[in-house]
Structure formats: C-alpha cells, structure tokens
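These are the residues of each chain, in order.
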Amino acid sequence: MTLANWAAERMARPIIRDDEPPAEFDADPLADLCRSLLVEIGENPDREGLADTPRRWAAWWREFTDYDPGTVSTAFASVASDQLVVVGGMRVWSLCEHHLLPFNAEISIAYVPADRVLGLSKFGRIAQDHAHRLQVQERLCAGIADDIAELCGTEDVAVVARGEHLCMTMRGIRTPARMTTSVMRGVFRTKPEARAEALGLMGNG
Ligand SMILES: [Zn+2]
C-alpha cells in the first residue's frame, strides 16, 4: 500500500468514538464462553497463565469444526473390479457428543470397487471429515461407509473403527478400554468368507 492510499483510507474511515472499541476487538462469543467456564470452575480468567486461554480455546473450536478435508470426490475408473481394497491404520481424533471429550479411533476401510476406485488420500480425508464434528463412534463408522459407497458406486463397503474414549478413561469408570465398531454392507454382510477376508486384511481377523 502506498502512503497516499493509506492516507486516503484513513480519511474514508468513520470516526470512532473513544468509548467504542475498534472492530478487531469485538467480543468473541466463544472466548466469552470460555471465560464463563473458567469462572464457574473457580478460576480467575485474568490471572497470567489464563489470560490468553479463552482466545486459544475459541481458535481451537473453530479450527476443529471448520476442518476442510479438501477434495474427496476424485475417483478413477476401476481396473480390477474383482479385487478387495483395504485401507487401514488411519488415526483420527474426534469429540464425543455426550461429554465433549476427545476420542481417537483407528479406522480401516474395505470395499470391492464396482466401476470406480478412490485415490488413496481420499480415504483419510473422508475419515477426517467425519471425525471433525461432534460424534459417536457408531455414526462415525456409518458416515464414512456412506461416503465410500456413494463415491465408489458400490454397496460392498466395510468400515471398522477401534476407539479410545477419554470420557471412559478419564471420567466415569476411569478404565482404559478400546471400543470396536463395524459397519458391514453388501458382500461383507451377506458372505461370511468376504467378511472374514476383509477383517483379516484389516488386522481384525
Ligand atoms: Zn462420551
């Protein structure tokens, strides 16, 4: 910006009264919520260590819920429709909608391509897309399966998630445990041998 432009922009701005804070200092409702939370749990939100916490907390919530998975819809023509494709070991973090506490889940996906296959990176994007919202593990699995089925044009989709939930390990019974959920559709539902092969390749056999 040139000096002349800067001066012109300053002149064009409305006059701000002394008691009116500039727009960039507008209250952030999420940061306000965090301040209220800190007060409710007996903290002083103005003490040094917490001074910037409401802003960081608000930024984290926005970052988590505004997650952009990028392009997930790129599919290629399938060259081998009789093959079983398994993508495993994808680790995602989500938030339990009952307690607003994190859970992580290792996701494995299997499908039999009909006429389209998905690029490898798309599986991770789809899993992250469903993880970046308030969730329960069962719906996380089902949502991923829905997307894979739609994008690949196949009913033969299996999704397995193995999750560790902080609402179980940190509160309640405070016992470390892993919860496994699975969605089996198409041949994985109707043919035990297809299900066994998929589970074996997913590391759940
Ligand atoms: Zn929970």
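Placed above this text is the structure.
Let me sum up the structure you'll find in this document. (Residues numbered from 1 in each chain as written. Predicted model: local features only at pLDDT ≥ 70, side-chain atom pairs only at ≥ 80, totals over all residues.)

Section: the overall build of the protein
Check the secondary structure of the protein and you find eight helices and seven strands. For the protein, the residues scored as buried account for 24% of the 205 residues in total. (Helix = DSSP H or I, 4+ residues; strand = E, 2+ residues; numbered from the N terminus. Buried ≥ 20, exposed ≤ 12 C-beta atoms within 10 Å, placed from the backbone.)

Quick notes on the packing of helix α2 (residues 29-40) against helix α3 (residues 53-65)
Packing of α2 against α3 leaves a shortest axis separation of 8 Å and a crossing angle of 125°. It follows that α2 is oblique to α3 by the angle criterion. The hand of the α2/α3 crossing is right-handed. Packed against α2, whose contacting residues are L30, A31, C34 and R35, the element α3 presents T53, P54, R55, W57, A58 and W61 at the interface. (Axes fitted to C-alpha atoms, helices over the stretch in contact; angles between N-to-C directions. Parallel < 35°, antiparallel > 145°, perpendicular 65-115°, else oblique. Left-handed = near helix turned anticlockwise from the far one by under 90°. Contact = placed C-beta atoms within 7 Å.)

Some points on the pairing of strand β3 (residues 102-111)
Consecutive side chains of a regular strand alternate in pointing toward one face of the sheet and then the other. Taking burial as the measure, the ten residues of β3 include seven buried ones, the bulk of the element. What sits between the antiparallel neighbours strand β2 (residues 85-96) and β3 is a turn of five residues, in which L100 has the positive phi angle 55°. Relative to strand β6 (residues 157-165), β3 runs antiparallel, the two sharing nine bridges. Bridge pairing in β6 places Y111 opposite V157. (Pairing = 2+ DSSP bridges.)

Concerning the sheet that holds strand β7 (residues 179-184)
Taken in spatial order, the five strands of this open sheet run β5-β2-β3-β6-β7, and their pairing is mixed. Strand pairing shows two members of the sheet lacking a second neighbour, β5 (134-135) and β7, which therefore form its edges. Here helix α4 (residues 120-131) sits on the sheet in contact with β2, β3 and β5, set at roughly 20° to β2. Its contacts with the sheet place helix α5 (residues 137-152) against β2, β3, β5, β6 and β7, and it is angled at close to 150° to β6.

As for the packing of α4 against α5
As a packed pair, α4 and α5 sit with axes 9 Å apart at the nearest point and diverge in direction by 140°. With respect to α5, the element α4 is oriented oblique. Here the hand of the crossing between α4 and α5 comes out right-handed. Residue-level contacts link I126, A127, H130 and A131 of α4 to L140, G143, I144, D147 and I148 of α5. Broken down by class, the residue content of the contact of α4 with α5 amounts to six nonpolar, two polar and one charged. (Nonpolar A, V, L, I, M, F, W, Y, C, P; charged D, E, K, R; others polar.)

What to know about unusual backbone geometry
Unlike most non-glycine residues, L100 shows phi in positive territory, near 55°. One can find L100 in the loop between β2 and β3.

None of this, on its own, says anything about what the molecule does.
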